[in-house]
Amino acid sequence: MTVVRGLREALVLFVIAMVVAMGGVGVWVGVSGGDFTHRLGIALMIVGALLGMTGDLTLSRVGMLPARSTFGLAPEREDAGGGQVLTGVGIFLFVSVPLIAVGVLLVA
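Residues numbered from 1 in each chain as written. Predicted model: local features only at pLDDT ≥ 70, side-chain atom pairs only at ≥ 80, totals over all residues. Heavy atoms only, no water.

Before going further, it helps to examine the side chain of arginine 39. Structurally, arginine 39 is set in helix H2 (residues 36-54). One buried charged side chain, arginine 39, makes no salt bridge at all; its nearest oppositely charged neighbour is aspartate 35, positioned 7.7 Å away. A distance of 2.9 Å separates a polar atom in the side chain of arginine 39 from a polar atom in the side chain of serine 32. Those residues in contact with arginine 39 that sit more than four places away from it in its chain are Val25, Trp28, Val29, Ser32, Gly33 and Gly34. (Helix = DSSP H or I, 4+ residues; strand = E, 2+ residues; numbered from the N terminus. Buried < 20%, exposed > 50% of the residue type's maximum accessible area, 1.4 Å probe, protein only. Lys, Arg positive; Asp, Glu negative; His and termini not counted. Salt bridge = Lys/Arg side-chain N within 4 Å of Asp/Glu carboxyl O. Polar contact = N/O pair within 3.5 Å; in protein donor to acceptor, adjacent residues only side chain to side chain. Contact = heavy atoms within 4.5 Å.)

The next point concerns the environment of alanine 17. Along the chain, alanine 17 turns up in helix H1 (residues 2-32). Take alanine 17: its relative accessible area is 7%, and that puts it in the buried class. Taking C-alpha positions, alanine 17 is 8.8 Å from valine 95, a pair spaced 78 residues apart along the chain. Not counting residues within four places of it along the chain, the set of residues in contact with alanine 17 comprises Val47, Leu51 and Leu99.

So, about the packing of H2 against helix H4 (residues 88-107). Contact geometry of H2 with H4 gives a least axis separation of 7 Å together with a crossing angle of 160°. Relative to H4, the element H2 is oriented roughly antiparallel. Crossing geometry of H2 relative to H4 is assigned as left-handed. Between H2 and H4, the contacting residues are Thr37, His38, Leu40, Gly41, Ile42, Leu44, Met45, Val47, Gly48, Ala49, Leu51 and Gly52 on the first element and Ile91, Phe92, Val95, Ser96, Leu99, Ile100, Val102, Gly103, Val104, Leu106 and Val107 on the second. Residues of the contact of H2 with H4, tallied by class, amount to 16 nonpolar, 7 polar and no charged. (Axes fitted to C-alpha atoms, helices over the stretch in contact; angles between N-to-C directions. Parallel < 35°, antiparallel > 145°, perpendicular 65-115°, else oblique. Left-handed = near helix turned anticlockwise from the far one by under 90°. Nonpolar A, V, L, I, M, F, W, Y, C, P; charged D, E, K, R; others polar.)

Below, the discussion takes up a nonpolar patch on the surface. Side chains of Val3, Leu7, Val89, Phe92, Leu93, Phe94 and Val97 sit close together on the surface and give an oily, nonpolar patch of about 650 Å² of accessible area. For the nonpolar patch, the secondary structure elements donating two or more residues are H1 and H4. (Patch = residues over 30% accessible without salt bridge, like charges linked within 9 Å, V, L, I, M, F, W, Y side chains within 5 Å. Areas by Shrake-Rupley, 256 points an atom, 1.4 Å probe, with all protein chains shown as cover.)

This next bit is on the nonpolar core. Counting residues in each nonpolar core, the largest one holds 14 residues, and the members touching the most others are Met18, Ala21, Val25, Leu40, Leu44, Val95 and Leu99. Listed by contribution, the elements that provide at least two residues to this core are H1, H2 and H4. Residue contributions to this core peak at 7 residues, all from H1. (Core = buried A, V, L, I, M, F, W, Y, C linked by side-chain atoms within 4.5 Å.)

Honestly, it's all geometry; don't read function into it.
Structure, rendered in structure tokens:
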């Protein structure tokens, strides 16, 4: 059951990333002209790389460690994902890698 929830979450994240990339590329093409498909491929690779690096909120947790220790608080728990099923590795494998792969196929 958790596998199905994780794959559903990956699909939703993938679709949201595609829609955001298409909107950004639509504005980019509208402003400066050019080929939509090529620019969509570039945007998908960038979005995939960004999701791969920041998908599990590790960077934001590391930034809060000094502030939390100043007030005597323990580090944030790893399992406090706010209802997320996918971990950082899952987001990388099931969202970022497919986005980058589709981007490479569109650019080539």
